[in-house]
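# Per-entry structural report
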Amino acid sequence: MFRTALRNVLAHKARLLMTVLAVMLGVAFVSGTLIFTDTLGNAFRNQSAKNYDDVAVAVTAYGNRNDPTEAPGVSQKTLDRIRDLDGVAEVHGRVDGFAGVADPDGKLIDGTFGSPKGTNFSPGEDGKDPAYTFIDGSGPLKADQIALDEGTAAKGAYKIGDRIRVATNGPVKEFTLSGVFTTEDGEVQAGGSLVLFETSVAQKQYLKPGYYRDVAVTAAPGADDRNLLKAVEPLLPDTAEAKTGQALADEQAKDIESGLGALKQVLLGFAGIALFVGIFLISNTFSMLVAQRTKELALMRAIGASRKQITRSVLVEAAVVGAIASAIGFVIGIGLALGLRLGMAAFGMNVPPGPLVVTTTPVIAALAVGVVITMLAAWLPGRRAAKIPPVAAMSSVHAVATTKSLVVRNSIGAFITALGAAAIVWGAGMGGDDGRIRIAAGAFLALIGIIILIPLLSRPVIALIRPLLTGPFGVSGKLAGQNAVRNPRRTGATASALAIGLTLVTGLSVLGVTVGQALDKMTTDNIKADYMVVMANGGDLDQSTLTALEKADGVSAVSPQQSVYFELRKGGKAERDGFVSASAVTPGAIEQVLNIGVVQGSLGSLAEGRIAVAEKTAEKRGWKVGTDIPVTFGDKKQDTLTVGAVYKDNEFVSPVIVSTKVVNPHEAKPFIPQIFVKMEGGRTEANEKALISALGENPAITVMDHQDIRDQFGGMINLMLNILYGLLAMALLIAVLGVVNTLAMSVFERQQEIGMLRAIGLDRRRVKRMIRLEAVVIALFGALIGIGLGAFLGWAIGETIRASIPGYQLVLPWDRIGIFLVLAGLVGVLASLWPARSAAKLNMLTAIKTE
């Protein structure tokens, strides 16, 4: 039986080609993902270890700049005491933050995937900083000097001695380039930019003069890292933490593993979808092969082969096909991993150098996935083949599904579908994470149920499409419609593959477009300001930016959205869960730049030192106009604030609004993520230029109008959708192979029929058209099922997030749905090219004689 199985594989290698391709693509996705993430992990771990090669003890400070009772970092005095410890060779203090470099045209040199960063140059006794290797010039030793990493210097075409504009959170400043360096810093390796300042300049910009955020201690020869750690710890302030360099490297390695683990799970999830779709192709292929070999299998039964042997022979064929496909897929997976790595570099996200890592895990996974999936998909066809009675098979009477089996199948499918639909509706009504879990379970059940029911659904759904074929395409269209429902199980299995892919694509599209429009409406409804000013890197703006905007020509109103926190007190003690976030704004201007719907009181009370509270927060805490609230500010000073207004919840401000005059005395450095500006004359090119000029043409500051704000939200959603579409493309490609495979084998089965049609006058052109239209019908059938279920799932998931997105209303993206249907039809046409050509080339006399 084993030799027979091998002969059958060789005899039907052309018909098994699509199965090999489907398994091969799925295995390539799985093995490529494993190899790629292993390679990335190894490269980043090695780089992380390099960063701590010479570090015996690493210190990190977490001080609060607004709290005068806490040290903001590690002081120079503490650094000197650490340097004097026995066993210490060198000590380097670091402080860092945002630093954007302008190119010669005044535009920010974008780090693409790494953020623009600045830090201090910390030379040792030899005048060198071990973290940086200078390839030209030297480190900055004067306040007006900087050094740049090699990549940033190349992007700006800068050379030693050039004057360079650098933007931090404050005004743009000019520095002289003193040197160009290379570094093992991970963000720079990923494509980010790095600026080195003289230490006192960096401290003033990023923390406080005389203080460091990080300290690296290098051990003298023979010194023990753990003993140094014990000696360093007593010298540190309470806000600082010390670890050995090895411990920190191990910690970062775990973080890298965790981050890549999430990426691996996502990619493997989509690989799993592709393989799940491939199951239908494989099952269809073996079902058709079994049907075509009915006499052969019956003869084997007649000469003594048992049912188990017949089933086993089909599974052996599947195992051989799976093993071949796995081997090829694994090799392609290696190429895919290399391609992904090169692709990241092409998009500016550089990966640290390192070898391609191929462990036993992807090898075993590739073989196991390929063979197991193929055998699993072939089991039902093999079992069905074993049940064919020898006499019936010898008489060429194929075993057809009995009425009882169809009733049982349809009943089970209807029950599972109804159960899944009920779970989806239940989850939609529940909302939140729990609701989404129920929706996911319901979606799985509904998908399985529809797959079971899909042969039953084929007749009514295709009946809706058939009139569109008969009129324009005549006999070819009529025959195509009839052929599509001749074998509902085969049509259903082929359409299922497309339905799964389009269910996910449509669900994502419905959700993405709906959320995008809700965010767009939220922006339009809530922002009265003409412009919103933000940092290009998403960081906080300096107070000087607000001052500059207030003095700018043509500005009629300007208000920051400054983030602050209060700690609530009750009975003289801090409340449990007593931290409340607040937005500090400019009284009188906030009403002109944002649409704040007041429910009680007046926003004018902000000018009197009162606060405004969001409606839900007021209800939750039992606050109303006139309520006195004892609070503790960030600098630990206490006061009592009175509620002067209650407003409708607004996504652009925190649950509490307060005047900047109330909180700024308690803030060492205000944290301002956005500033809203209203201009005389509204949004015009001249007004935008006036704001940019007032800000000193700072390349790190972005002036956004309403359209820019909408594009920011919409762009993120579209980017996410495009990535997901790309990941689902593999599943859709396998679905296309399924259509090709079904049509090719269907043509083989119907050679005699096609010969008869040719004999009675159906020319080659109309034969081709018949096969093409049959493919289009099957593809559209799968598309309609997938789009319907996908829209249902998109609605259900949307209901779980409705409460968190104001103005959320379901939007069906008819334009995209139309594109999906057109693409499905195009898929059918492309998939039919080879089978249609084969059918048209059949010799009619030879075909008529075919049994």
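Residues numbered from 1 in each chain as written. Predicted model: local features only at pLDDT ≥ 70, side-chain atom pairs only at ≥ 80, totals over all residues. Heavy atoms only, no water.

Let us now look at the sheet that holds strand E3 (residues 88–94). With antiparallel pairing, four strands are arranged side by side in an open sheet as E3-E13-E1-E14. The open sheet has two free edges, formed respectively by E3 and strand E14 (240–244), since each of these has just one partner strand. Each strand of the sheet is rotated relative to its neighbour by a mean of 15°, with strand direction disregarded. In the sheet, strand E1 (residues 57–61) pairs with E14 via five bridges, with the strands oriented antiparallel. Its bridge partner lying in E14, Ala58 is registered against Lys243. Where helix H3 (residues 76–83) meets the sheet, it contacts E3 and strand E13 (214–219), and its direction lies at approximately 160° from that of E3. Against the sheet, helix H7 (residues 225–232) contacts E1, E3, E13 and E14, and its axis sits at roughly 30° relative to E1. (Pairing = 2+ DSSP bridges. Helix = DSSP H or I, 4+ residues; strand = E, 2+ residues; numbered from the N terminus. Axes fitted to C-alpha atoms, helices over the stretch in contact; angles between N-to-C directions. Contact = heavy atoms within 4.5 Å.)

To continue, consider H7. Each α-helix winds once per 3.6 residues, and so residues spaced three or four apart point in a common direction. Along H7, the residues that are buried comprise Leu228, Leu229 and Val232. Along the axis of H7, the buried positions cluster into a sector of 105°, meaning they face one direction only. For H7, the exposed residues lying more than 90 degrees away from the buried face are Arg226 and Lys230. Looking at the packing, one finds that the buried side of H7 touches E1, H3, E3, E13 and E14. A side-chain oxygen of the first residue of H7 lies 3.1 Å from the backbone nitrogen of Arg226; this N-cap is Asp224. (Buried < 20%, exposed > 50% of the residue type's maximum accessible area, 1.4 Å probe, protein only. Arc of directions from axis to C-beta. Polar contact = N/O pair within 3.5 Å; in protein donor to acceptor, adjacent residues only side chain to side chain.)

On to the nonpolar core, then. Counting 78 residues, the largest nonpolar core has Val277, Ile734, Ile771 and Phe781 as the members making the most contacts within it. Considering each element in turn, this core owes the most residues, 17 residues, to helix H23 (residues 764–801). What Ile771 contacts, discounting residues up to four positions off in sequence, is Leu743, Val747, Arg750, Ser832, Pro835, Ala836 and Ala839. Counting residues in hydrophobic clusters, the runner-up holds 33 residues, among them Ala518, Ala529, Ala589 and Met704. (Core = buried A, V, L, I, M, F, W, Y, C linked by side-chain atoms within 4.5 Å.)

This paragraph deals with the layout of surface pockets. Space inside the second largest pocket adds up to approximately 1,400 Å³. What lines the second largest pocket is a set of 43 residues, and nearest its centre among them are Asn51, Tyr52, Ala131, Asp185 and Gln252. Residue composition of the lining of the second largest pocket, by class: 18 nonpolar, 13 polar and 12 charged. (1 Å grid on protein atoms, 1.4 Å probe; cavity = no way out; pocket = protein on both sides within 12 Å on 5 of 7 lines; lining within 4 Å. Points joined across faces, edges and corners; volume = space filled by probe spheres on them. Nonpolar A, V, L, I, M, F, W, Y, C, P; charged D, E, K, R; others polar.)

If pLDDT is low for a region, its predicted coordinates should not be looked at in detail. Overall, the predicted model of the protein chain reaches an average pLDDT of 82, with 90% of residues at or above 70. When mean pLDDT is taken per element in the protein chain, strand E8 (residues 145–149) scores highest with 95 and helix H12 (residues 390–394) scores lowest with 58. (pLDDT = per-residue confidence, 0-100.)

So, on to unusual backbone geometry. Not every positive phi belongs to a glycine, and Ala157 is a case in point at roughly 55°. Counting through the fold element by element, Ala157 comes out in the loop between helix H4 (150–156) and strand E9 (163–167). Even without glycine at this site, Glu697 takes up a positive phi of about 50°. Secondary-structure assignment places Glu697 in the loop between helix H20 (685–694) and strand E24 (701–704). Residue classification places Glu697 among the exposed positions, given a relative accessible area of 52%.

The next point concerns the packing of aromatic side chains. Taken as a whole and assessed by the stated rule, the structure comprises seven aromatic pairs. Judged by centre distance (5.5 Å) and plane angle (70°), the ring pair of Phe175 and Phe197 falls under edge-to-face. Remark: Phe197 occurs in strand E11 (residues 194–197) and Phe175 occurs in strand E10 (residues 173–183); sequence separation between them is 22 residues. Overall, the relative accessible area of 4% leaves Phe175 in the buried class. On the basis of relative accessible area, Phe197 is assigned to the buried category, the value being 0%. A centroid spacing of 5.6 Å and a plane angle of 85° characterise the contact between Phe566 and Phe633, whose relative ring orientation is edge-to-face. Taken together, the residues Phe566 in strand E16 (residues 555–570) and Phe633 in the loop between strand E20 (628–632) and strand E21 (638–647) connect sequence positions 67 residues apart. (Phe/Tyr/Trp six-rings, centres within 6.5 Å; stacked < 30°, edge-to-face > 60°.)

This part covers the pairing of E11. Alternating positions in E11 separate into two faces, Leu194 and Leu196 on one and Val195 and Phe197 on the other, with burial throughout. Alignment of strand E6 (residues 117–120) against E11, held across four bridges, turns out to be parallel. Bridging across to E11, Thr119 finds its partner in Leu196. The sheet contact formed by E8 and E11 spans three bridges and is antiparallel. Directly across from Ala147, in E11, lies its bridge partner Leu196.

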